[in-house]
Amino acid sequence: MSNHLIYGRNAVMEAIKSGREIDKLLVRRDGEGSIKKIEAMAREKKIVTQYVDKSALDRAAGAGNNHQGVVAYTPAHNYCELEDILAAAYAKGEDPFLIILDGIEDPHNLGAIIRTADGAGAHGVVIPKRRAVGLTDTVAKASAGAIEYVPVARVANIAQTIEELKANGIWVCGVHMEGKSLWESDLKGPVALVIGGEGQGVSRLVLENCDFHFSIPMQGSVNSLNASNAAAVLMYEVVRQRGVKSEKNFF
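Rules behind the numbers
Residues numbered from 1 in each chain as written. Predicted model: local features only at pLDDT ≥ 70, side-chain atom pairs only at ≥ 80, totals over all residues. Heavy atoms only, no water. Pairing = 2+ DSSP bridges. Helix = DSSP H or I, 4+ residues; strand = E, 2+ residues; numbered from the N terminus. Expected span 1.5 Å × (residues − 1). Buried < 20%, exposed > 50% of the residue type's maximum accessible area, 1.4 Å probe, protein only. Contact = heavy atoms within 4.5 Å. Axes fitted to C-alpha atoms, helices over the stretch in contact; angles between N-to-C directions.

(A) Molecular detail of the pairing of strand 4 (residues 70-73). Across three bridges, the pairing between strand 1 (residues 5-7) and strand 4 is antiparallel. By the bridge assignment for strand 4, Tyr7 is matched with Val71.

(B) Summary view of helix 9 (residues 227-242). A rise of 1.5 Å per residue sets the reference length of helix 9, with its 16 residues, at 22 Å; its end C-alpha atoms lie 23 Å apart and thus fit the reference within 8%. When helix 9 is considered as a whole, its buried residues turn out to be Ala227, Ser228, Ala230, Ala231, Leu234, Met235, Glu237, Val238, Val239 and Gln241. The elements touched by buried residues of helix 9 are strand 5 (97-102), helix 5 (107-120), strand 8 (171-181), strand 9 (191-196) and strand 10 (212-215). Positive backbone phi, approximately 70°, marks Gly243, located one or two places after helix 9.

(C) Expanded view of the sheet that holds strand 5. Spatially, six strands are ordered 7-6-5-9-8-10 in an open sheet, and the strand pairing comes out parallel. Among the strands making up the open sheet, the edge pair consists of strand 7 (152-155) and strand 10. Going from strand to strand, the sheet's axes swing by 35° on average, the running direction of each strand aside. When strand 8 meets strand 9, the two strands line up parallel, connected through four bridges. Paired with Cys173 across the bridge in strand 9 is Leu193. Across the sheet, helix 5 lies against strand 5, strand 6 (124-128) and strand 7, angled at about 170° from strand 5, the strand it touches most. Against the sheet, helix 9 makes contact with strand 5, strand 8, strand 9 and strand 10, and its axis sits at roughly 165° relative to strand 9, the strand it touches most.

Okay, structure coming up:
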């Protein structure tokens, strides 16, 4: 069994029974017998399940490993609940500062964002369960250890999560090229920054649920930044507006 990978019917079944966090299941498309029981358990736990051919399972499990038609990916670090992030902010007597990622698929980007979130003093990061990268080994490495300090909540629906945050008095700000300039936006209070995935940006439904939209002023010929770079600019604008002072060096 390789790190953060579980395969074999009994091993996967016990992992689900124990309540272990599972990012995704790969299940053989024509699986029978106890595979059906595993599928039912996954549905009950709302675990993302992908049906694939045997060759895909062979590649995932590695040469010579008997996967028995099922492979489970587990996170490199445990997720938390959204409520935990908010509670930690309130316990410090601070306005909540969250980063919501709408479909980041590159693990290096996610790791870099988590690293910056730690440096900027964000209370946590929110990612979706589907169509986005989870807390993999690559993410952990790219975060340079920040994954141990920045809580990450994994939610079923970003739009619904935004509504929950708004109900808690948190302003939700979406990045969009047609929004007003970042420099003209007030980010001093409780705030959640919504950053879109590579290429697609923030989805229409999520944008519609944001309180307002803002953009990063661009001076060159390219009209957008890499997701992790954009996130860094936005997070440190929050730091600047809040007047946070630190004796630590940035580099």
